[in-house]
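Topology and contacts: notes
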Amino acid sequence: MKQARYITVKEMIDLVGPKDEIVVGMAANEPQLFMANLHLCADRVEKVTVTNCLPIVNADFFIEEQYRNKFNLDGWFYTNVLRKVHPHGNISFIPNHLHLAGYKRLFYKKPRMFVSAASMPDEHGYISLSTSNVYEKQMVEAAEIVIFEVNPNFPRTIGDLEVHISEIDYMVKADYPVPTIPDIEPSEKDMIIGRLIADKINDGDTIQLGIGGMPNAVAKSLYGKKDLGIHTEMFTNEMMNLIKAGVITGKKKTLHRGKHIACFAMGTQELYDFVHDNPSCWILNGKYVNDPAIIGLNDNQVSINSTIEIDLTGQCCSESIGTQQFSGTGGQSDTAVGAQNAKGGRSFIALYSTAMVKNPVTGEKEEVSKIVSMLKPGAAVSLSRNDVDFVVTEYGLVSLRGTNIRERCQLLISIAHPKFRAQLTQEAIKAGYLHESFLD
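Computed from a predicted structure; not experimentally measured. (Residues numbered from 1 in each chain as written. Predicted model: local features only at pLDDT ≥ 70, side-chain atom pairs only at ≥ 80, totals over all residues. Heavy atoms only, no water.)

1. Topic: unusual backbone geometry
Notably, Asp227 is not glycine yet its phi reads approximately 55°, a positive angle. Relative to the helices and strands, Asp227 is located in the loop between α8 (213-220) and β13 (229-230). Under the relative-accessibility criterion, Asp227 is labelled partly exposed at 22%. (Helix = DSSP H or I, 4+ residues; strand = E, 2+ residues; numbered from the N terminus. Buried < 20%, exposed > 50% of the residue type's maximum accessible area, 1.4 Å probe, protein only.)

2. Details of the side chain of Thr131
Inspection of the secondary structure assignment puts Thr131 in the loop between β7 (126-128) and α6 (136-142). A polar contact of 2.5 Å, which involves the side chain of Thr131, links it to the side chain of Asn29. Sequence-distant contacts of Thr131, defined by excluding residues within four places in its chain, comprise Ala28, Asn29, Phe154, Pro155, Val178, Cys263, Phe264, Ala265 and Tyr272. (Polar contact = N/O pair within 3.5 Å; in protein donor to acceptor, adjacent residues only side chain to side chain. Contact = heavy atoms within 4.5 Å.)

3. Some details on the UniProt feature "domain: Acetyl-CoA hydrolase/transferase N-terminal" (unreviewed entry) in the chain
In the numbering used here, UniProt assigns the "domain: Acetyl-CoA hydrolase/transferase N-terminal" (unreviewed entry) feature to residues 77-182. Within the segment residues 77-182, helix and strand shares are 20% and 25% respectively, and the terminal C-alpha atoms sit 20 Å apart. (UniProt positions renumbered as here; feature names shortened; annotations may be inferred.)

4. Considering empty space enclosed by the protein
Scanning all chains against the criterion turns up 4 cavities of 30 Å³ or more. When its residues are assigned to classes, the lining of the largest cavity shows 5 nonpolar, 4 polar and 2 charged. In this structure, the second largest cavity occupies an estimated 50 Å³ of space. Lining the second largest cavity are Glu21, Ile22, Val23, Thr51, Arg105, Leu106, Lys109, Lys110 and Pro111. When contributions to the lining of the second largest cavity are tallied by element, the ones reaching two or more residues are β2 (21-24) and α5 (101-108). Looking at the lining of the second largest cavity residue by residue, the classes come out as 4 nonpolar, 1 polar and 4 charged. (1 Å grid on protein atoms, 1.4 Å probe; cavity = no way out; pocket = protein on both sides within 12 Å on 5 of 7 lines; lining within 4 Å. Points joined across faces, edges and corners; volume = space filled by probe spheres on them. Nonpolar A, V, L, I, M, F, W, Y, C, P; charged D, E, K, R; others polar.)

What follows is the structure in structure tokens.
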């Protein structure tokens, strides 16, 4: 049986060759030693492509413009750093639904190398992929060379993300802390939106939440509920808090009863301590967890996501500002469609009614509506109007399920900021969505 051997960081970087295709672990699973040192091989390589998702390390190989002819970076999800360096020309976004991100990338090209952070090998020779299995296990099986930065600080999580040392090639000893992200305290608007959504969540429902002020507000509004379940892409601090409080038990789930299901976890150190060796928390393959058909097997599944802007027909742009890539589709479509596949399921899209943006002419900031008659030119439609369900702002909650375009316009205008409602009505009439004879 093949046994992985330990190598140094330099030996790991020496394995990189010209025009290599490399995939690295996602978010907290990013191999920090590899990323921080990859630029050191710049003098002997060209056109090396690294594919990643939610990068943590501001690595020289893609931050510094001098390396743009040596390395490309393809991202499944943009961060503020990738947005900043995108103009270098060697950074590009990969359109994807999260559950098919790894599968479709492998259809297009297979990596020569896969590198990821991981837990230490146990006494049986098994290593846990720890905080993420969105696509990592798929890459272990597909790559020619597999390297783990094994780290005693990383939690040993349970699910289908265990890898035996005979399945990998090399290990590098690491000792950096697991990347953490702080809790975001919800704003007053967040709490209004959170309570509106929480009022639609029933005892025994299974929930999917993201990260940020709005999802945290929803979670903080759920403490009166009983026996909620989790089937989510991201396992968060607020989910942990609800489990500890006895609100989330999973007892009523119709799929994986009593288990808290996710495909990656990221949060505080307390969260990593909680998921470590915890048999109730399963980190499963993202291709399974986020498959809308699988999500739909959970009776009363509730999906909660946010968006950047929504047009009056229900198209949600959640990842770009015009042509500028801002984040990614992630699992929004996966979970929204999956929840509506479920018996008793519901999907919520939440957004503030307005945003402050810089006027391109005056340079001054001005308030604009996030409910619009037409998305910005070049905007990516993350969730189609065919798949939108409930929409929520601080001015109310409406259901678009089964409605026609005229009804959608009226419903969405009713939860827009009051000062933009007349303007939106006139724009809807001009677009042919509304007719004056139908107005109240």
